[in-house]
Amino acid sequence: MKVLVPIKRVVDYNVKVRAKSDETGPDLANVKMAINPFCEIAVEEAIRLKEAGTAEEVIAVSIGTNACQEQLRTALALGADRAILVETELEVEPLGVAKLLKSVAEKEQPDLIILGKQAIDDDSNQTGQMVASLLSYPQGTFASEIKIDEGKISVTREVDGGLQTVSLNLPAVVTTDLRLNEPRYASLPNIMKAKKKPLDTFTPEELGVDASPRTEILKVSPPPERAAGVIVESVDELVDKLKNEAKVIS
Amino acid sequence: MSILVIAEHDNEELKGATLNTITAAKEIGTEIDLLIAGFSCETVADQACSIPGIRKVIVSDSESYKNFLAENIGLLVSKIGKDYSHILAAATSNGKNFMPRVAALLDVSQISEIISVLSEDTFERPIYAGNCIATVKSSDAIKVVTVRTTGFDDCEDQGGSASKENLDEDSNLEISSFVSEELAKSDRPELTSADIVISGGRGMQNGENFKLLEGIADKLGAAIGASRAAVDSGFVPNDMQVGQTGKIVAPNLYIAVGISGAIQHLAGMKDSKVIVAINKDEDAPIFQVADYGLVADLFEALPELEAKL
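Attention in this report is confined to the structure presented alongside it. Throughout, a residue's number is its position along its own chain's written sequence, starting from 1. By the order in which they are written, chains take letters starting at A while ligands take numbers starting at 1. Local features are withheld for residues below a pLDDT of 70 in this predicted model, meaning they are given only at 70 or higher, and side-chain atom pairs are given and counted only at 80 or more; totals for whole chains, interfaces and linings count all residues.

Moving on, we get to the overall build of chain B. Here a strand is any run of E in DSSP of at least two residues, a helix any run of H or I of at least four, and the numbering for each starts at the N terminus. On a plain count of helices and strands, chain B comes out with eight helices and 16 strands. This radius of gyration counts C-alpha atoms alone. The globule rule is 2.2 Å times how many residues there are, raised to the power 0.38. In summary, chain B has a C-alpha radius of gyration of 21 Å against a globular reference of 19 Å for 309 residues, a match within 12%. With the principal axes as the frame, chain B shows a C-alpha extent of 60 × 40 × 40 Å. Burial statistics for chain B: of 309 residues in total, 61% are counted as buried. What counts as a contact here is a pair of residues whose C-beta atoms, placed from the backbone, lie within 7 Å. Of the contacts formed within chain B by residues at least 6 apart in sequence, a portion of 66% connects residues at least 24 apart. Field definition: a residue is buried when 20 or more other C-beta atoms are found within 10 Å of its C-beta, exposed when 12 or fewer are, and partly exposed for counts in between, with C-beta atoms placed from the backbone.

Strand pairing in a sheet is mediated by backbone hydrogen bonds. Such pairs are either parallel or antiparallel. An order of S13(A)-S16(B)-S15(B)-S14(B)-S12(B)-S13(B) is seen for the six strands of this open sheet, with the pairing classed as parallel. Where the open sheet ends on each side, the last strands, each with one partner, are strand S13 (230-232) of chain A together with strand S13 (223-226) of chain B. Here the strands of the sheet are splayed against their neighbours by 20° on average, with no regard to which way each runs. Across five bridges, strand S14 (residues 253-257) of chain B lies against strand S15 (residues 274-279) of chain B in parallel orientation. Bridge pairing links Val-257 of chain B to Ile-278 of chain B in S15 of chain B. Structural elements are reduced to axes, namely lines fitted to C-alpha atoms, with helices fitted over the stretch in contact, and the angle between N-to-C directions of any two is expressed from 0 to 180 degrees. Strands strand S12 (196-200), S13 and S14 of chain B of the sheet are contacted by helix H5 (residues 211-220) of chain B, whose axis makes an angle of about 175° with S12 of chain B. Here the rule is simple: two strands pair whenever DSSP picks up at least two bridges between them.

A few words now on the interface of chain B and chain A. The interface of chain B with chain A comprises 72 residues on the first partner and 66 residues on the second. Of the residues belonging to the side of chain B that touches chain A, the class tally is 36 nonpolar, 21 polar and 15 charged. Here strand S9 (residues 162-169) of chain A pairs with strand S11 (residues 176-183) of chain B via seven bridges, running antiparallel. By the bridge assignment, Val-166 of chain A is partnered in S11 of chain B with Phe-178 of chain B. Under the grouping applied here, Gly and all other residues not named as nonpolar or charged are polar, the nonpolar ones being Ala, Val, Leu, Ile, Met, Phe, Trp, Tyr, Cys and Pro and the charged ones Asp, Glu, Lys and Arg.

Below, the discussion takes up the pairing of S15 of chain B. Residues and elements named next belong to chain B. Within S15, six of the six residues are buried, which leaves it mostly tucked inside the rest of the structure. By convention a crossover is right-handed if, when the strands point away from the viewer, the path from the first strand over the helix to the second runs clockwise. Of the crossover connections in this fold, the one passing from S14 over helix H7 (residues 263-269) to the parallel S15 is right-handed. Taken together, the four bridges between S15 and strand S16 (residues 292-295) define a ladder with parallel strand orientation. Opposite Asn-279, over in S16, you have Val-295 as the bridge partner.

Okay, the packing of helix H6 (residues 235-245) of chain A against helix H8 (residues 298-308) of chain B next. In contact at an axis separation of 10 Å, H6 of chain A and H8 of chain B are set at 45° when each is read in the N-to-C sense. Relative to H8 of chain B, H6 of chain A is oriented oblique. Crossing hand, H6 of chain A versus H8 of chain B: right-handed. Residue-level contacts link Val-235, Asp-236 and Val-239 of chain A of H6 of chain A to Ala-301, Glu-304, Leu-305 and Lys-308 of chain B of H8 of chain B. Tallied by class, the residues present in the contact of H6 of chain A with H8 of chain B amount to four nonpolar, no polar and three charged. In what follows, roughly perpendicular refers to angles from 65 to 115 degrees, roughly parallel to angles under 35, roughly antiparallel to angles over 145, and oblique to any angle outside these ranges. A clockwise turn of the near helix away from the far one marks a right-handed crossing, whereas an anticlockwise turn of less than a right angle marks a left-handed crossing.

Here it is in structure tokens:
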């Protein structure tokens, strides 16, 4: 089977992003960029399906500026067979991303689309569900385990109350949660090999998709600051402060 | 302007997250309908009718909605919701699952996890793990919005008398089915609605040591949470995770034990009213957000704390 893995270029998860002082957006000058951690888990899962003989081909796809090639090369180094970049300077919202991915899926006819449950920049948690909806595919969101068997996929999902398992007809969309796997690191020889793997580029116009945004960001401001706290010397002092100063316990 | 709120429930009882979502709806407008989609969920519908300020409760009762499969609920909500100006649901794992499907079917963007309503089309929502707050304005005809429950108080749930309308509708895409679930059973309050939360991190060293938190939780009537590190290490199950991609909590008191305070954890708890950190590493970032910090070995501090409460 064929697996499509959409990935997103985001600010590295270790970076504490701040709002610009003029509140026009997040300050992203000179910050380290990386593949979104949940997308990395998606790439890993697809590669494991290939290693297990379940998948024949893994295609990584990303949407964004030319710089996204870097993250696509990372996916290729990890084991994806080829890559597709939908190149645009637009800030594409999840709905636009989903429409572009639908168009790519219609060309490629994957049996499975695996992607991260959420990007750690806009924290939207929408794209997988939207692609599934547009394609009329079933979805297994927040997956911690998947099993493929005879035209179906069983997905164990991390839900608020615990775990839920659903069975989906293929083709299907799976979005990854943290416990699905632990992604590997790319080896140096594989990084070299990845440079020769095919990477095709399309524009949204070529795919016939209008990906213009529907939402305007009026401003981006810092969250309310917390007042500085105190260090207490003992458990006694802590209990006293909680009872008599903060008055949160009785 | 009319607002459709999708109720969160388990076919037996209306969940508290619904009440926070209705509060958000009331800040947008006054014509609010509540949709109960489920199976044999009559008692939920009756509870819903007593919420003040609801125009009508729409009940869609079918086996297709029993397990809240996103494929079926999403289709149903898109059919009913197309006549409204706003569709709201709580940003629970259930709301996050089906709402983007609704938005895509209606060809509109979704505004995820709002924490405040500025006007009928403008909302605030956290981005970058809560390190920035974005003010966003939607130009879509129908606003599909999920609500972060910690951003809104719960509304009254008694005294209303909404009318009830049974909807004869069965949306089933027949492409997915429910297999099983393993839900955590606990006599403690729910993590997302508890007044007090005590959470353990990697410093707890193993799952057995979480017992040290249980005694304190029992005395305080607290819920127990965990950091991602503790869940990834297998100390405790995933439903206890507090953080950017786990549960968002904002109790009156949050006690972080053996948690270093990664950005991703802070994103899930830094709106708590009072934060206590107990950690033996005095440089741990958790102390930067704590109102009260205790630099101590948790294995000594926890038994002492339990004894003194």
